[in-house]
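# Summary of structural features
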Amino acid sequence: MPRLLPAALAIALLPSLAPAQQMVTQTGAGARTGRPTVVQTPPVIDGRLDDAAWRGAALFTDFVQREPVEGQPVSERTEVRIVTDAEAIYVGAWLYDRDPALIVPSETIRDVTLTNSDYFGFIFDTFHDRQNGFLFGTTPSGVEYDAQVIREGEGGGVFTQGQNRAQAGSMGGLNLNWDASWTVRTSQDSLGWYAEFRIPFKTIRYGAGASQTWGFNVMRGIRRRNEEALWSRVSRQFSINRLSQAGTLEAVQVPAQRIATVTPYALANTDRRFATQSEYTSIGEFGLDAKYGITPSLTLDLTYNTDFAQVEVDEQRTNLTRFPLFFPEKRPFFLENAGVFSAGTPQAVDLFFTRRIGIDSLGQPVPILGGARLTGRVAGLTVGALQMVTDEQNGIAGNNYTVLRALRELSARSRVGVMAVQRTRVGDADDDNTVLGVDGRLGLGQDWTIDAWGGRSRSPGRTGDENAWSGRVEYKTRDWQHSARVMQVGDDFNPEVGFMSRPAGYRFEELMLMRLVRSPKWTNVRQWNPHTSLRRYVGTDGFLQSSSVHVDFTEVEFNSGARFGPEFNYYSEGLQEPFEIAEGVVIPAGQYSWRLWSADFSSDPSAPLSLSGRVDFGDFYTGSRGGGNVTITARRGARFSSSLILDHQDIKLPQGDFTRQLIGVKAAWFFSPRIFLQSLTQYNNQAEAFTANVRFGWLRTANTGLFIVFNDGEQADSFTRWRLPIQRSLTIKYSYQLGSDG
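To start, this report covers the structure provided alongside it. (Residues numbered from 1 in each chain as written. Predicted model: local features only at pLDDT ≥ 70, side-chain atom pairs only at ≥ 80, totals over all residues. Heavy atoms only, no water.)

Now for the overall build of the chain. Looking only at helices and strands, the chain has four helices and 46 strands in total. Computed over the C-alpha atoms, the radius of gyration of the chain is 26 Å, within 12% of the 27 Å expected from 2.2 N^0.38 for a compact globule of 742 residues. Across the 742 residues in the chain, those meeting the buried criterion constitute 54%. The long-range fraction of contacts in the chain, counting pairs at least 24 apart against all pairs at least 6 apart in sequence, stands at 60%. When the accessible surface of the chain is summed, it comes to about 30700 Å², and 57% of that surface belongs to carbon and sulfur atoms. When the 75 positive and 80 negative side-chain charges of the chain are each reduced to one mean point, those points stand 4 Å apart. (Helix = DSSP H or I, 4+ residues; strand = E, 2+ residues; numbered from the N terminus. Rg over C-alpha atoms; globule rule 2.2 N^0.38 Å. Buried < 20%, exposed > 50% of the residue type's maximum accessible area, 1.4 Å probe, protein only. Contact = heavy atoms within 4.5 Å. Areas by Shrake-Rupley, 256 points an atom, 1.4 Å probe, with all protein chains shown as cover. Lys, Arg positive; Asp, Glu negative; His and termini not counted. Charge placed at Lys NZ, Arg CZ, Asp CG, Glu CD.)

Going through the model one piece at a time under the given rule, you end up with 38 aromatic pairs. Between Phe 308 and Phe 334 the ring centres are 5.9 Å apart and the planes differ by 40 degrees, which places this aromatic pair in the tilted class. With Phe 308 in the loop between β18 (298–306) and α4 (332–335) and Phe 334 in helix α4, this residue pair connects regions lying 26 residues apart in the sequence. Residue classification places Phe 308 among the buried residues on the basis of a relative accessible area of 17%. Between Phe 620 and Tyr 621, the aromatic rings sit 5.0 Å apart at their centres with planes inclined by 90 degrees, giving edge-to-face as the arrangement. Using a relative accessible area of 7% as the deciding quantity, one classes Tyr 621 as buried. Stacked on the ring of Phe 308, the Lys or Arg Arg 331 has its end atom at 5.2 Å from the ring centre. The ring of Tyr 265 has Lys 733 lying over it, and the distance from NZ or CZ to the ring centre is 4.7 Å. (Phe/Tyr/Trp six-rings, centres within 6.5 Å; stacked < 30°, edge-to-face > 60°. Lys NZ or Arg CZ within 6 Å of the ring centre and 35° of its normal.)

If you walk across this open sheet you meet the three strands as β19-β20-β29, and the pairing is antiparallel. The open sheet has two edge strands with one neighbour each: β19 (344–345) and β29 (499–500). Bridge count between strand β20 (residues 349–350) and β29: two bridges; the pairing is antiparallel. By the bridge assignment for β29, Asp 350 is matched with Phe 499. (Pairing = 2+ DSSP bridges.)

Moving on to the environment of Gln 310. Tracing the chain through its elements places Gln 310 in the loop between β18 and α4. Spatially, the C-alpha atom of Gln 310 lies 38 Å from that of Ser 598, the residues being 288 residues apart in sequence. With residues up to four places along the chain from it excluded, the contact list for Gln 310 reads Pro 332, Arg 695, Phe 707, Val 709 and Lys 733.

Applying the stated criterion across every chain, the model contains 58 salt bridges. Taking the shortest distance from any N to any O, the salt bridge between Arg 405 and Asp 439 comes out at 2.8 Å. Separated by 34 residues along the polypeptide, Arg 405 in strand β23 (residues 399–410) and Asp 439 in strand β25 (residues 428–444) bring together distant segments of the chain. Relative accessible area serves as the criterion here: at 4%, Arg 405 is assigned to the buried category. (Salt bridge = Lys/Arg side-chain N within 4 Å of Asp/Glu carboxyl O.)

Mapped onto the elements of the fold, Glu 227 is located in strand β14 (residues 227–230). Of the side chains with opposite charge, Arg 225 lies nearest to the buried Glu 227, which makes no salt bridge, at 4.3 Å.

Moving on, we get to the environment of Thr 382. Along the polypeptide, Thr 382 turns up in strand β22 (residues 381–390). Sequence separation of Thr 382 and Phe 564 is 182 residues, and the distance between their C-alpha atoms is 42 Å. For Thr 382, the residues in contact, after removing those within four places along its chain, are Val 340, Gly 376, Arg 377, Arg 405, Ala 406, Leu 407 and Glu 409. Side chain to side chain, Thr 382 and Glu 409 meet in a polar contact 3.1 Å long. (Polar contact = N/O pair within 3.5 Å; in protein donor to acceptor, adjacent residues only side chain to side chain.)

Moving on to the nonpolar core. Membership of the largest hydrophobic core comes to 35 residues, with the highest contact counts inside it found for Phe 120, Phe 122 and Trp 214. Every element with two or more residues in this core is listed here: β5 (78–84), β6 (88–96), β7 (119–125), β8 (133–138), β12 (192–200), β13 (211–222) and β15 (247–253). If we ignore the near neighbours within four places in the chain, the residues touching Phe 122 are Val 91, Phe 134, Leu 135, Phe 136, Phe 197, Ile 199, Phe 216, Asn 217, Val 218 and Ile 240. Within the second largest apolar cluster, 31 residues are counted, among which are Val 311, Phe 333, Leu 351 and Val 489. (Core = buried A, V, L, I, M, F, W, Y, C linked by side-chain atoms within 4.5 Å.)

With that out of the way, let us pick up the pairing of β8. Across the six residues of β8, six count as buried, placing the element largely inside the fold. Of the two faces of β8, both are covered, the one formed by Gly 133, Leu 135 and Gly 137 as well as the one formed by Phe 134, Phe 136 and Thr 138. Of the strand pairs in this sheet, β7 and β8 are connected by five bridges, and their pairing is antiparallel. Directly across from Phe 120, in β8, lies its bridge partner Thr 138. Relative to strand β9 (residues 145–149), β8 runs antiparallel, the two being bridged by five bridges. Directly across from Leu 135, in β9, lies its bridge partner Ala 147. With antiparallel pairing between neighbouring strands as the criterion, β8 and β9 make up a hairpin whose turn holds six residues, including Gly 142 at a positive phi of roughly 80 degrees.

A full pass over the atoms with the stated rule returns five cavities of 30 Å³ or more. Taken as a whole, the second largest cavity encloses approximately 330 Å³ of empty space. If you trace the second largest cavity, you find 24 residues lining it, with Phe 127, Phe 134, Gln 148, Asn 337 and Val 340 closest to the centre. At the level of elements, β8, β9 and β21 (368–378) are the ones that each hand at least two residues to the lining of the second largest cavity. At three residues, the largest contribution of residues to the lining of the second largest cavity is made by β21. Here the residues of the lining of the second largest cavity are counted per class, giving six nonpolar, 11 polar and seven charged. (1 Å grid on protein atoms, 1.4 Å probe; cavity = no way out; pocket = protein on both sides within 12 Å on 5 of 7 lines; lining within 4 Å. Points joined across faces, edges and corners; volume = space filled by probe spheres on them. Nonpolar A, V, L, I, M, F, W, Y, C, P; charged D, E, K, R; others polar.)

This part is about a nonpolar patch on the surface. Residues Leu 609, Leu 611, Ile 632, Leu 644 and Leu 646 make up a contiguous nonpolar surface patch of roughly 390 Å² in combined accessible area. Only β39 (609–620) and β41 (640–653) provide two or more residues apiece to the nonpolar patch. Topologically, Leu 646 is positioned in strand β41. The exposure class of Leu 646 is partly exposed, given its relative accessible area of 33%. (Patch = residues over 30% accessible without salt bridge, like charges linked within 9 Å, V, L, I, M, F, W, Y side chains within 5 Å.)

Okay, unusual backbone geometry next. Of note, the bond from Glu 67 into Pro 68 is cis; its omega dihedral lies within 30 degrees of zero at 0 degrees. Looking at where Pro 68 falls in the secondary structure, it is placed in the loop between β4 (64–67) and β5. Positive phi, close to 65 degrees, is recorded for Arg 130, a residue that is not glycine. Positionally, Arg 130 belongs in the loop between β7 and β8. For Arg 130, a relative accessible area of 23% translates into the label partly exposed. Unlike most non-glycine residues, Tyr 621 shows phi in positive territory, near 50 degrees. Looking at where Tyr 621 falls in the secondary structure, it is placed in the loop between β39 and β40 (623–636).

In structure tokens, the structure reads:
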């Protein structure tokens, strides 16, 4: 196997078949500058853009492509105007189209995947630190899309089996689940489509001063050409989140006002756990969240009797490893400003992971009595403080959780930060766990990025190595994407309120090399991405725990957005004790190596019918493995979508054969951007369980309003053959935000 490495590296570093310079022009090069127009009478937000307020506003135009041909003018006429008054900033977009019948609408749901349709969006870097911002967008369907951008959207996570590359790279840098109070309306006619936004100043955070300078950029997507154009030019290897390449919005007149909202909720629930309850139990609850702006840049959030009944359930996944799977946070209170509290290596070693609060080791909810969070800017520092208290459950006392965070943004995409995390058992100060951490990022120009962090835990009774650290360097240009990482986790490092993808006591090394090749001669192919990666985990005792070599010389991206990538993988796993991979199937301790051939594929995601998936076949430990997964998605305009998810793995080993089967069905009806009905049903033969989650939502603003949620769990032999009920519940929840201005 080592003989493959020189060939892999040589091919990954091949010179481009067509120089990248042929695909780049200088039209619109350089950052742009503009300013909003102050008006006394604001526009009416109806998507028509016919108000007098727009007529005298300055014009933002001359958009340039990021894709498909960087630097070329946008293919369709695009105009943007910005006005402000004492309460809000307004953005109007005239998105002309010479063939409006080909405009692609999106599903009518908040935070939909923008790139599957035509779209428009913009980003405000309100502190002008060139690293953090607020992103807003919409589609012809009039959906609300908003996100918080941290560190220019870069996460730098570790890729693990069962996870796609996008998940590893995005964690910690983009908080798409942030839901703010604002308004957008759209319309369409024979000349194109139009979008009209109202963003209350209360919704965003900014520094002191009545007249400010913000970082700013605007994007437009034209789906049928898989085209994206921006007002201030951004290199194609990045996105609108690359705030160090954003333009400037000058003379933004902002009020010295502070947000103040209270969101009470009332809830009725009936529930039965069939193993322990002979009848349904019904309860009613009340709670509230409050938000208060101590300054325009510093916000205090309070929560009492915190409830997350409306949150969608986790999607189940097949696990063929001996390590835990990572499931992302979905609860609204923990999602706002989540990037401030991100430290470590996402999905590998997170120093703080909010799912450790209010969720037990079996995934069941633990009552949260309440808590407080303080986030924002103070004296040039980004600060965060979190305090949460959980209630007693099943005779076990609750916990106090405390998190403190401070960061300073430096020039040239750089920053440094410190963090402290503590858990203390209520009524027992000796039952505690503490983690201290420091992290930083150094940006060298636009191409080089260096990340590093270090942490130390303290747990009663542990006397071994409680330290952990990591260093990573990345080189990213139009033609190359390379990175190298080293991470060391001591034997007794124990972040109880964090996440670790495997037990402590190892050294991780990773090298990734990718070449990005384009040619104007290719009519249907947009980019060829030959790449290779090497990863290995070695225990502190010198024992090889895991390693992999990944080689993919044929990954191709098509102009339609489709992708195809056959690949070869060489895995090694070291077992220091027997591993029961399935019931009655035990793999003995020892060192194992095998080869696996795979292929990732996806079709045009904007088509009425699309699919994505993966196939695997080859060796597995001392036996064989065959199978894969596929997701088939059907859409009908902006009102309906459904997906069928199939995952089947056929494992044959000398110790025994078994299969892993996962079936999921999603369906969603969108009656308007704020009224929807969604369902997710899943069967997992590993858990021998069928689950169903049905949610009806009638939203008002900031993801508040009416929710009706039904959950069902069944012991099952197949998707349609159930044995015994496990649990059923019906929840009706209504929340109303007082003081919002969305």
